[in-house]
There are 2 protein chains.
Amino acid sequence: MICLGFYLKLMIFATWPGDHTLKISPPVCSMDMAEAELLGEKMIVKDEAEASQIHNKGYFGTPLSGGALELELIEGIFLSESGKVDVRRKGKKMAFPELLKAANRIYPNFEIKYLVYRDLRLRGYVVKSCLAPLDFRVFPRGGSPNKTPSKYWVSALSERSVFDLKALRMHLAKVLVVKKKLLIAVVDEESDLTYYEARTVKPKGQIKKKGKKMLAHAMFLEDRVMVADKSEALKLHESGFYGKMIGSRLQLSLIETAYLMEKGIIEVKNANTGRKIGLDSFMKKAKKIQPDFNLRLKVFKDLEERGLIVKTGFKYGSHFRAYTNAPDKTHAKYLVHSFSSDHRGMWPEVSRAVRVSHGVKKDILFGMAGNKIEYVALRRVRP
Amino acid sequence: MICLGFYLKLMIFATWPGDHTLKISPPVCSMDMAEAELLGEKMIVKDEAEASQIHNKGYFGTPLSGGALELELIEGIFLSESGKVDVRRKGKKMAFPELLKAANRIYPNFEIKYLVYRDLRLRGYVVKSCLAPLDFRVFPRGGSPNKTPSKYWVSALSERSVFDLKALRMHLAKVLVVKKKLLIAVVDEESDLTYYEARTVKPKGQIKKKGKKMLAHAMFLEDRVMVADKSEALKLHESGFYGKMIGSRLQLSLIETAYLMEKGIIEVKNANTGRKIGLDSFMKKAKKIQPDFNLRLKVFKDLEERGLIVKTGFKYGSHFRAYTNAPDKTHAKYLVHSFSSDHRGMWPEVSRAVRVSHGVKKDILFGMAGNKIEYVALRRVRP
């Protein structure tokens, strides 16, 4: 077939006034433009030579018996935008914007999926669609469906969609079975893309917590807890890096206090009345100060029991920072945020948390408290 | 008076078994320990020589006629913790933890204020109390109340207290009048301190926006807007760096679209029906997608009119990033978050936003939309 675009361009230059010779650009179509017929949600390239050329260069579509090629809508639209396919419906030519509109009518969020598909294709990857609810399979560079397994499974989202932990866990379970990596592509307001690699993590630390005997008496002051006796303070602090020494006293966080009370390691008294406070009563007070106290405590406990040292992550805007070894010897490896396992949040918040963790060279973990505690790490990547 | 602590220590060593000569530490009191009487919310140092010594070394307290010194509770407690003052109430000695408890009964959040006071004093600053609702005045290093004006006015807060924009604006108005800097000291769960310097900012950019004539036709697709005609797309994009070119089409954000519609620079049609969309109807749709759309638009408009180029801040977890010059020539100078002027939020969120902005070397601005738009910048500092 003839390459219309190229001929049109030549005609324009031919009738252009002035010195047009300088302006002659290379032809827009280095290959012949194939013709595809839009049939509902598919496109068919009937010409056998065109079909095989399209398929062989980029593994677009599925070859049909008889030599034709069936393209998915998203493939056809990409090939149309790239000037490689000329799409017609009932013989009438459809321009690229018209195609986009049509696809948007058929698929919810088509524009988002398309932007991700397009970006990955332009980065040189072979991209094929994937079983729902995931969107795409991406093959390693130089790979293809016939010779290599896919590397990433991709979920394409708008920055405005919900950050849904339950869905994320389901995606992770899926990719784990097939041994793929999970890539989450988030499209922002300006159609710019951010890729996150998500993976399940089992954090592990090297700190063996010593014993369980009663070590210190503490007093509860408004929203903080303090061990006033210097020798008790030091003993407790050294037993597991709990609290922070301020002069000769030890300040404990509410979380540490609840954890140590539960273990029978400290005894807490009300600073004003001098009366002993039980764990239940302390938990109630703590919950008033910090509504998500229970949730945080679950994650804190789990991390402590995995041999990590857990400290507040306030400076990083997260719940905790966690050390795999003694805090005076190493930097914290993780920032940890506690969520319920069915948490639904906002992507910009996630984006910010990941950005902070990169800035301080730590891994961000989302600790999800359900029947057990699971951890997901998110990392920005450039595929 | 005699220095009890020192004598006690010597006595202990004298009766200690084994080789105690190695353990002799310097005396705990290099100056004589002054005696102070706790009277309600004040302490009085009666001995004239002690009073003047305490006052002259650190400008503690207010000298009374007759040679005595009146200490504020916080000053007396700090001097007690430092081993410089021996506090008694009705003749009975009060230890430091007992004093803390007493102060906590009198003042709400005394512990928080004390941690900040203590930290600033230990950093070598002369610190005096300040008119409420601010907490302290801090004098420049080497300065003092008699010879130098104070440098910072300080608000001491718990990480758990509300981030209250209205209060912050009031603080800023106060320090502006007296030409001080505003320091916000936030005490975290572990009694660790983070200092933020807050200041009012009037951002200004160098971009002169051209004309107001109609430039492009756009279509509205689910949650994004696109100009399909290449020449219109380029013209619009170049007129003020609006949107992002994706291939030959221009993607506009919802905010840009509303702004450009209001200026009469673009006309928007529904991609499915082809019908023209009016500004009101567009605003309604946008608000559905982004509940705080109105708020963001106000701040966007103000920044654009100040000659800045405003783009999404998704990657940084903030609403916008803003350039003072062409985005292809400079990096964005600001990250901007829009708030209503009476916004009440959480400190950990603020902490995270500031942390991100430092990581990417931009200033974080909180754009507060009230009758007019005002901007506050927060910066972490080490005083």
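Model, not experiment: these values are computed from the prediction.

## A word on the packing of aromatic side chains
Point 1. Here the structure, examined in full by the defined rule, presents 28 aromatic pairs over all chains.
Point 2. A centroid spacing of 6.2 Å and a plane angle of 50° characterise the contact between F96 of chain B and Y114 of chain B, whose relative ring orientation is tilted. A residue pair is termed long-range when its members are at least 10 positions apart, and F96 of chain B in helix α4 (residues 96–106) and Y114 of chain B in helix α5 (residues 110–122) qualify at 18 residues.
Point 3. For Y114 of chain B, a relative accessible area of 0% puts it in the buried group.
Point 4. With a centroid separation of 6.1 Å and an interplanar angle of 25°, the aromatic rings of Y107 of chain B and F110 of chain B are classed as stacked.
Point 5. With relative accessibility at 29%, the residue Y107 of chain B sits in the partly exposed group.
Point 6. Chaining the aromatic ring pairs together yields one cluster made of F163, Y196, F339, W347 and F366 of chain A.
Point 7. One residue, R121 of chain A, lies across the ring of F60 of chain A, its end atom 3.8 Å from the ring centre.

## With respect to the relation of the copies chain A and chain B
Point 1. With an axial shift of 0.0 Å and an RMSD of 0.1 Å, the rotation relating chain A to chain B amounts to 180°. Here the symmetry operator amounts to a two-fold rotation axis.
Point 2. Interface residue correspondence from chain A to chain B reaches 100%, placing this contact among same-surface, isologous pairings.

## Quick look at the pattern of salt bridges
Residues and elements named next belong to chain B.
Point 1. Overall, the coordinates contain 44 salt bridges over all chains when judged by the stated rule.
Point 2. E197 is the partner of R379 in a salt bridge, and the nearest nitrogen-oxygen pair spans 3.3 Å. Here E197 lies in strand β12 (residues 193–201) and R379 lies in strand β24 (residues 373–381), a separation of 182 residues in the sequence.
Point 3. Of the residues examined, R379 reaches a relative accessible area of 36% and is grouped as partly exposed.
Point 4. Judged by relative accessible area, E197 falls into the buried class, the value being 7%.
Point 5. Where D363 meets R199, a salt bridge forms, and the shortest distance between an N and an O atom there is 4.0 Å.

## Considerations on the sheet that holds strand β5 (residues 85–89) of chain A
Residue and element names in this part refer to chain A.
Point 1. Taken together, the six strands give an open sheet; going across it, the order is β3-β4-β2-β1-β5-β6, and neighbouring strands pair in mixed fashion. Sheet topology places β3 (62–63) and β6 (92–93) at the edges, where each strand pairs with a single neighbour.
Point 2. With four bridges joining them, strand β2 (residues 42–45) and strand β4 (residues 69–72) adopt antiparallel strand pairing. Residue pairing in the sheet places K42 in a bridge with E72 of β4.
Point 3. Where helix α2 (residues 48–56) meets the sheet, its contacts fall on β1 (34–39), β2, β3, β4 and β5, and the angle it forms with β4 comes to roughly 45°.

## Things to note about the nonpolar core
Across soluble globular proteins, nonpolar side chains have a tendency to be buried as a group.
Point 1. One finds L378 of chain A together with L378 of chain B to be the most contacted residues of the largest nonpolar core, which totals 56 residues.
Point 2. Setting aside chain neighbours within four positions, we find L378 of chain B in contact with F163, I184, Y196, E197, A198, W347, V350, V354, I364 and F366 of chain B.

## Some remarks on the environment of L308 of chain A
Residue and element names in this part refer to chain A.
Point 1. For L308, the location among the structural elements is in the loop between α10 (293–305) and β19 (309–312).
Point 2. Residue classification places L308 among the buried residues on the basis of a relative accessible area of 0%.
Point 3. The residues contacting L308, other than those within four sequence positions of it, are P203, K204, G205, K209, L303, A322, Y323, T324 and Y334.

## Some remarks on the interface of chain A and chain B
Point 1. Taken together, the contact between chain A and chain B spans 66 residues of the former and 66 residues of the latter.
Point 2. Approximately 6000 Å² of surface area, both sides summed, lies buried where chain A meets chain B, with 49% of it carried by carbon and sulfur atoms.
Point 3. Joining chain A to chain B, the criterion identifies eight salt bridges.
Point 4. The interface formed by chain A and chain B includes 26 residue pairs in polar contact (both at pLDDT 80 or more).
Point 5. The class makeup of the residues in the side of chain A that touches chain B is 29 nonpolar, 14 polar and 23 charged.

## Focus on the pairing of strand β1 (residues 34–39) of chain B
Residues and elements named next belong to chain B.
Point 1. Only one face of β1 is covered, namely the one carrying A34, A36 and L38; the face carrying E35, E37 and L39 has none of its residues buried.
Point 2. As judged from the four bridges shared by β1 and strand β5 (residues 85–89), these two strands associate in the parallel manner. Its bridge partner lying in β5, E37 is registered against R88.
Point 3. Pairing of β1 with strand β2 (residues 42–45), which is carried by four bridges, proceeds in the antiparallel orientation.

## A few points about the confidence of the model for chain A
Any region with low pLDDT has predicted coordinates that should not be read closely.
Residues and elements named next belong to chain A.
Point 1. On average, residues of chain A score 88 in pLDDT, and 91% of them are at 70 or above.
Point 2. Below a pLDDT of 50 lies the segment residues 1–30, which in the model reaches 17 contacts outside its immediate sequence neighbourhood of four places, other chains included.
Point 3. Scored as a whole, the predicted complex attains pTM 0.84, and scored at its interfaces, ipTM 0.80.

Scoring rules and cut-offs
- Residues numbered from 1 in each chain as written.
- Chains lettered and ligands numbered in written order.
- Predicted model: local features only at pLDDT ≥ 70, side-chain atom pairs only at ≥ 80, totals over all residues.
- Heavy atoms only, no water.
- Phe/Tyr/Trp six-rings, centres within 6.5 Å; stacked < 30°, edge-to-face > 60°.
- Helix = DSSP H or I, 4+ residues; strand = E, 2+ residues; numbered from the N terminus.
- Buried < 20%, exposed > 50% of the residue type's maximum accessible area, 1.4 Å probe, protein only.
- Lys NZ or Arg CZ within 6 Å of the ring centre and 35° of its normal.
- Least-squares fit on C-alpha atoms with pLDDT ≥ 70 in both.
- Contact = heavy atoms within 4.5 Å.
- Salt bridge = Lys/Arg side-chain N within 4 Å of Asp/Glu carboxyl O.
- Pairing = 2+ DSSP bridges.
- Axes fitted to C-alpha atoms, helices over the stretch in contact; angles between N-to-C directions.
- Core = buried A, V, L, I, M, F, W, Y, C linked by side-chain atoms within 4.5 Å.
- Buried area = accessible area lost by both parts, 1.4 Å probe.
- Polar contact = N/O pair within 3.5 Å; in protein donor to acceptor, adjacent residues only side chain to side chain.
- Nonpolar A, V, L, I, M, F, W, Y, C, P; charged D, E, K, R; others polar.
- pLDDT = per-residue confidence, 0-100.

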